[in-house]
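# Residue-level structure breakdown
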Amino acid sequence: MHFSADDINQITSDIWTSTLGLSAQAVDVPWEGQSKERSLIGCIQVTGDWEGAVTLYCSEGLANKATAVMFDMAPEEITDAEVHDTLGELTNMTAGNIKSLLPGDCRISLPSVAEGIDYKVTIPGGKVTFQQSFECEGEPLLITILERV
Amino acid sequence: MKILIVDDSKAMRMIVSRTLRQAGFGDHECKEASDGVEGMALVREWSPDLVISDWNMPNMNGLEFLQAIKADGLSTPFGFVTTEGSPQMRQASEEAGSLFLITKPFTADSFKTHLGSILNG
């Protein structure tokens, strides 16, 4: 399954602009693995005629900024649960829109969110079929699509 | 009017509430629930005039929630705000009695278009 960079860039830009009023610009920087700072990743599994996963990785700083906007709160007021909720919903919107590009009948899971330093997320039998880096508020954002083969 | 917002994401419930205000529907009374089970309890207790529900939720998803409302013999106006708007989901939602399906991300204009006749009528 080939994913068009234009489609994914448009989906990502629409979500971050419409929901948060933030600009997410596609960039040619391989963010993943570059930073040893704390980061978060949201994951949605896709099952059905196409199987795989969609992940959304971002820095802790960007996750905090997005959460503060989402909840209309000062960054120092937000909780870890609100940060996870925000990233989970942003991942859900991303995967839900990507699902519309998939063939046949597919279902998406509820989101899961992990955070830490220098970690890797994989799905058994999955390979990266699309990856695009973005920059938002000067912070890294990475969309990855893994296809189960 | 009384509006019930049902979504497992607190962040999304806040965005829906904010968008309702931006669309000019800020004067209506709103309550929130985090899944279909909580939503069904509030439908029975509070009798909302409109339910705005997510589709993909734990415990009882949005379609099951709508079907439970109909099974109770209620005609509460109901619409989906969800990430997925495939033709199959639109058909299933219409067949179950949903009045609209708004896909995320959404704008205040899309709320005006879909909710105007219900909330202004």
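In case you missed it, the structure is sitting above this.
The rules behind the values
- Residues numbered from 1 in each chain as written.
- Chains lettered and ligands numbered in written order.
- Predicted model: local features only at pLDDT ≥ 70, side-chain atom pairs only at ≥ 80, totals over all residues.
- Heavy atoms only, no water.
- Helix = DSSP H or I, 4+ residues; strand = E, 2+ residues; numbered from the N terminus.
- Expected span 1.5 Å × (residues − 1).
- Buried < 20%, exposed > 50% of the residue type's maximum accessible area, 1.4 Å probe, protein only.
- Arc of directions from axis to C-beta.
- Pairing = 2+ DSSP bridges.
- Axes fitted to C-alpha atoms, helices over the stretch in contact; angles between N-to-C directions.
- Contact = heavy atoms within 4.5 Å.

### Quick look at helix α1 (residues 5-20) of chain A
Residue and element names in this part refer to chain A.
- Taking 1.5 Å of rise per residue, 16 residues should cover 22 Å, and α1 covers 22 Å from first to last C-alpha, within 8% of that figure.
- For α1, the full list of buried residues reads Ile8, Asn9, Ile11, Thr12, Ile15, Trp16, Thr19 and Leu20. Projected onto a plane normal to the axis of α1, the buried residues spread over an arc of 165 degrees and lie on a single side.
- Of the residues trailing α1, Gly21 is marked for its positive phi of about 70 degrees.

### Considering the sheet that holds strand β5 (residues 101-103) of chain B
Residue and element names in this part refer to chain B.
- On the basis of which strands lie adjacent, the open sheet formed by 5 strands has the order β2-β1-β3-β4-β5 and parallel pairing. For this open sheet the edge positions go to β2 (29-33) and β5, each flanked by a neighbour on one side alone. Neighbour-to-neighbour, the strand axes of this sheet turn through a mean angle of 20 degrees, independent of strand direction.
- Note: strand β4 (residues 78-82) against β5, 3 bridges, orientation parallel. By the bridge assignment for β5, Val81 is matched with Ile102.
- Packing against the sheet, helix α5 (residues 108-119) makes contact with β1 (2-6), β3 (50-53), β4 and β5, and its axis sits at approximately 155 degrees to β3.

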